[in-house]
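Notes for the structure review
Single-letter residue listing:
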Amino acid sequence: MESRKTVKSMFDFESELHDQITLNKAKHTFIDCDFESGLSIQGKKFDKELLFVNCRFYDYVKFSNCQFDKPVSFNSCSFLYNETGFSMSECTINQTFSLKSNIFNCPFNASYCKFTSKIVMKLNDICHNTKFDNCIFDSIVKFGHTFILSTFRLLNSKFNGITSFSNSIIQGKVIVKNTEFDDKVFFNYLEGKKGGLSIQNSDFQKSVYFDNSILKSISIRNITIDRPLSFLEFRSKSADRETYRIIKDQLMKQNDKVEALKYYSLEMKQYNKDLRENIFSFNMTNTSENIPAHILPYYVAKTNGIQAKDNLRKVSEFLLLLTNQLSNANGLSWSRGVLFFIVTTMFCFILFIYSMESIQLKNLWAELSANEFEIVRHLYPRFINPTHNIRFLRADIEIKGLILGSNSIMIDLLGRIISTYSIYQIVQAFRKYGKG
């Protein structure tokens, strides 16, 4: 049966530290201990290694204004208090800070701390919010191989060494905001089909890697980058338009035109979606008490007129983007272009046939004799040619006893426009790999 030691109070913890110092032990070691009350350690300097192994913390753990000159390790521990949890504030850690294989069923907060040596936080189950706010990291930081169920936040912090989230499973969200990175950053091999990544207002001095990651969502906004971002085999179910644009631009800089075009298509889809949501989303202008009553009607009419013009522009752009998506998937699918060409030109050709005076609208195919159907079959290839001569087409029709109606010329013009546009879209899709 497992034999565990119970630490009932802060006094018991201090007594244990004193006993270990008296015995001149090389490190402060707590193995298989149950801490029943909170630990609040302030202003203490640790000049020996501090090691917790397979411990259970049933109340809070707080380090404030402490200095650690030797390694600090929490391995295979369980933090079970779900209110204050584990917190560190204004601490200086001069040796390795290690959190391995722990269960955090409570918040973890580090604020205004300085880590001058390596920090390793891996193989942990993070079930509550984790925050590193206003911290400085002077060496390597490893957050990888971690199961993140809630929010993991880096805010107003500075990383001077390599930072890695590699091989983590994200079911919550990783947030990086107002943070500086002076060395490489790795967000690669992330498994986040139910989680997301948000990077905002941050500076990256060296390369950032998102390779082989799968995320439910990603948002990258207002970042400063001096080196390329790598997105090899990266996948995300959703993102905002700005994120797709950044990824596309980075892929183009790396001459990966195939992947860049995919993200160009996603950027256009998202822009189309944004337009659709905003077309009729604006509200009537709110009146202001500062506007004189005799000017208010003019002010409202003018402002709403500006909004209406902007809305009309959005509708126009929405229709253009929708047509581009339907006709060749924003330049990615020649087969869709061919299908679009056949369907739209066939529709125009049927309207063209409907417009003939000798054919009844209600019984189009019933009115066509076998001979007339053969004529129509031969007319279609000429009709879809945008440069066909309407006089020769009219002659062929009238020789066989068919007469153009009053709308036939207009429909023929519409068919030319659609044919020309469809052919251009097919050619554009075929040239996708040759675009510079």
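Attention here is on the structure that accompanies the text. Since the structure is predicted, the reported quantities are computational estimates derived from the model, not experimental observations. Each chain has its residues counted from 1, running along the sequence as written. Given that the model is predicted, a residue must reach a pLDDT of at least 70 before its local features are reported, and side-chain atom pairs must reach 80 or more before they are shown or counted; all residues, however, enter totals for whole chains, interfaces and linings. Calculation of side-chain values draws on the structure's entire complement of heavy atoms; hydrogens and water are dropped beforehand.

1. Focus: the overall build of the protein
Helix and strand definitions here come from DSSP, where helices need a minimum of 4 consecutive H or I residues and strands a minimum of 2 consecutive E residues; each element is numbered from the N-terminal end. Secondary structure assignment for the protein yields nine helices and 37 strands. Intrachain contacts of the protein at a sequence separation of at least 6 include 38% that bridge at least 24 residues. Entry remark: accessible area of the protein is about 22600 Å², with carbon and sulfur atoms responsible for 54%. Any two residues having at least one pair of non-hydrogen atoms within 4.5 Å are treated as being in contact. To measure how exposed things are, a 1.4 Å probe is used in the Shrake-Rupley method; for residues, cover is taken only from the protein chains shown.

2. What to know about the pattern of salt bridges
Whenever a carboxyl oxygen of Asp or Glu lies within 4 Å of a side-chain nitrogen of Lys or Arg, that contact is scored as a salt bridge. Tallied over the full model, the rule gives 17 salt bridges. Close ionic contact of Arg245 with Glu242 constitutes a salt bridge, the shortest N to O distance being 2.6 Å. In this pair, Arg245 and Glu242 are both assigned in helix H2 (residues 241-253), three residues apart and thus about one turn of the helix distant. Three labels apply to residues, based on accessible area from a 1.4 Å probe with only protein chains included: buried if under 20% of the type maximum, exposed if over 50%, partly exposed otherwise in between. Look at Arg245 and you get partly exposed, because its relative accessible area is 30%. Classification of Glu242 as partly exposed rests on a relative accessible area of 25%.

3. A few points about a nonpolar patch on the surface
Exposure above 30% relative accessible area and the absence of a salt bridge qualify a residue for a patch, where like charges join within 9 Å and nonpolar side chains (Val, Leu, Ile, Met, Phe, Trp, Tyr) within 5 Å. Residues Leu319, Leu322 and Leu326 make up a contiguous nonpolar surface patch of about 250 Å² in total accessible area. Examined against the element boundaries, Leu319 turns out to sit in helix H4 (residues 296-328).

4. Quick notes on the pairing of strand E16 (residues 108-111)
Side-chain alternation along E16 places Phe108 and Ala110 on a buried face and Asn109 and Ser111 on a face that remains uncovered. With four bridges joining them, strand E12 (residues 86-89) and E16 adopt parallel strand pairing. Across the sheet, residue Met88 finds its bridge partner in E16, namely Ala110. DSSP calls a pair of strands paired once it identifies at least 2 bridges connecting them. In the sheet, E16 pairs with strand E20 (residues 130-133) via four bridges, with the strands oriented parallel. Note on E20: the bridge partner recorded for Phe108 is Thr130.

5. Comments concerning the packing of aromatic side chains
Ring geometry is summarised as follows: Phe, Tyr and Trp rings, the Trp one being its six-membered ring, pair when their centres sit within 6.5 Å, and such pairs are stacked at plane angles under 30 degrees, edge-to-face over 60 and tilted between the two. Applying the stated criterion across every chain yields a total of 45 aromatic pairs. On the numbers, 4.3 Å between centres and 5° between planes, the contact of Phe137 with Phe159 is stacked. Pair noted here: Phe137 is in strand E21 (residues 136-137) and Phe159 is in strand E25 (residues 158-159), with a separation of 22 residues, a long-range link. Judged by its relative accessible area of 0%, Phe137 falls in the buried class. Ring centres 5.4 Å apart and planes at 75° place the aromatic pair Phe231 and Phe234 in the edge-to-face group. By relative accessible area, Phe231 is classed as buried at 1%. Take Phe234: its relative accessible area is 0%, and that puts it in the buried class. By the criterion adopted, a ring carries a charge over it if an Arg CZ or a Lys NZ lies within 6 Å of its centre and within 35 degrees of its normal. The lysine or arginine in question, Lys62, covers the ring of Tyr60, its NZ or CZ lying 4.9 Å from the ring centre.

6. Overview of the side chain of Glu267
Mapping Glu267 onto the fold places it in helix H3 (residues 257-278). Overall, the relative accessible area of 4% leaves Glu267 in the buried class. Residues within four places of Glu267 in sequence aside, it is in contact with Arg241, Tyr244, Arg245 and Lys248.

7. Observations regarding the pairing of strand E10 (residues 72-75)
For a regular strand, side-chain orientation follows a simple rule: the groups alternate between the two sheet faces. Across four bridges, the pairing between strand E6 (residues 49-53) and E10 is parallel. Looking at the pairing, Leu50 lines up with Val72 of E10. Across four bridges, E10 lies against strand E14 (residues 97-100) in parallel orientation. Residue pairing across strands places Ser73 opposite Ser98, the latter belonging to E14.

8. Re the side chain of Thr243
Counting through the fold element by element, Thr243 comes out in helix H2. For Thr243, a relative accessible area of 0% corresponds to the buried category. Throughout this description, a polar contact denotes any pair of N or O atoms lying within 3.5 Å of each other; where both atoms belong to protein, one of them has to be capable of donating a hydrogen while the other can accept it, and for residues adjacent in sequence the pair is counted only when both atoms sit in side chains. A distance of 2.7 Å separates a polar atom in the side chain of Thr243 from the backbone nitrogen of Ile220. Not counting residues within four places of it along the chain, the set of residues in contact with Thr243 comprises Ile218, Ser219 and Ile220.

9. Quick word on the sheet that holds strand E36 (residues 229-230)
Ordered in space as E2-E6-E10-E14-E18-E22-E26-E30-E33-E36, the ten strands form an open sheet in which the pairing is parallel. Bordering the open sheet on either side are strand E2 (27-31) and E36, each of which pairs with just one other strand. Judged from the two bridges that link them, strand E22 (residues 141-142) and strand E26 (residues 163-164) form a sheet pairing that is parallel. In the sheet register, Lys142 faces E26, and the bridge partner there is Ser164.

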